[in-house]
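So the chains spell out like this:
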Amino acid sequence: MENKLESLSDIGHVDEFIFDKNDIEQWIDNFLSVPHKAFADMPPCPYAKKAWMDNKIQVETSTSRDLDDNIKKTLANFPEDKDVVMFLLDPREVSSEGLELVSKTYSTDKWMLMEDHPEGHEEVDDLCLNNGKYAIIFCNRREKLENAREELKKTDYYDKFDPEYKEEVWSR
């Protein structure tokens, strides 16, 4: 008897992408909050763990089709008790370039959107910063991020950044 697979749907929900908020918590705890020499022995994101612990990060899921509407609604009515709203997407639905375009389109004087995609590698001193699983749009209050950036500029945090990448980060 020959065992023949008629279609991928025969083996379950192959095309369904599973989102797990615990993945984000693990990324924050096990990577973004761990001191590293690439950042002068500071964590890649020195503020992430406290924001997570203080419940200042809201995690949402979105399809690429709904992302524009979700961002517009979020920015129009940003939760007062949050510093960041993250939209997790299936990375097969949107390219790294597409996410970059979205972040540039919706960034304003009030909001700074940033993107992360498994295909868009961001590195500092050979350390890959990407989460590796999700395509993510981060919606942030610009003033808060710029204040944090200015504090980090007073340290050696940015010393190992490639000059072009440093300029890109500072000019967002």
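1. Points about the pattern of salt bridges
Side-chain pairs of opposite charge can arise where the charged atoms are in close proximity. For the coordinates displayed, the defined rule picks out eleven salt bridges. Asp23 is paired through a salt bridge with Lys133; the nearest N and O atoms lie 2.8 Å apart. Note that Asp23 is positioned in helix H1 (residues 21-32) and Lys133 in the loop between strand S5 (127-128) and strand S6 (135-141), a separation of 110 residues in sequence. When its relative accessible area of 36% is taken as the criterion, Lys133 is described as partly exposed. Ionic pairing is found between Asp83 and Lys144, a salt bridge with its closest N-O pair at 3.8 Å. Here Lys144 lies in helix H5 (residues 142-153) and Asp83 lies in the loop between helix H3 (64-76) and strand S2 (84-89), a separation of 61 residues in the sequence. You can call Lys144 partly exposed: its relative accessible area is 47%.

2. A few points about the nonpolar core
Among the nonpolar cores identified, the biggest contains 17 residues, and Ile24, Ile57, Met86 and Ile136 are the most heavily contacted of them. With four residues, the single largest contributor to this core is H1. Residues Phe78, Leu89, Ala135 and Cys139 belong to the second largest nonpolar core, which totals 16 residues.

3. Some details on unusual backbone geometry
Even without being a glycine, Asp125 presents a positive backbone phi close to 50°. If you trace the backbone, Asp125 turns up in the loop between strand S4 (123-124) and S5. Accessibility expressed as a relative area gives 32% for Asp125, which makes it partly exposed. Phi at Asp126 takes a positive value of approximately 65°, unusual for a residue other than glycine. Its place among the elements puts Asp126 in the loop between S4 and S5.

4. Let's talk about the packing of aromatic side chains
By convention here, two paired aromatic rings are described through the distance between centres and the angle between planes. Under the definition given, this model contains twelve aromatic pairs. Centroid distance Phe17 to Tyr134: 5.7 Å. Interplanar angle 80°. Geometry classified as edge-to-face. In this pair, Phe17 sits in the segment before H1 while Tyr134 sits in the loop between S5 and S6, placing the two residues 117 residues apart along the sequence. Residue Tyr134 is classed as buried on the basis of its relative accessible area, which comes to 1%. Here the aromatic rings of Tyr157 and Phe161 are separated by 5.9 Å at their centres, their planes lie at 45°, and the arrangement is tilted. Residue Phe161 is classed as buried on the basis of its relative accessible area of 7%.

Here is what the cut-offs are and how they apply
Residues numbered from 1 in each chain as written. Predicted model: local features only at pLDDT ≥ 70, side-chain atom pairs only at ≥ 80, totals over all residues. Heavy atoms only, no water. Salt bridge = Lys/Arg side-chain N within 4 Å of Asp/Glu carboxyl O. Helix = DSSP H or I, 4+ residues; strand = E, 2+ residues; numbered from the N terminus. Buried < 20%, exposed > 50% of the residue type's maximum accessible area, 1.4 Å probe, protein only. Core = buried A, V, L, I, M, F, W, Y, C linked by side-chain atoms within 4.5 Å. Phe/Tyr/Trp six-rings, centres within 6.5 Å; stacked < 30°, edge-to-face > 60°.

Read these as spatial facts, not as claims about activity.
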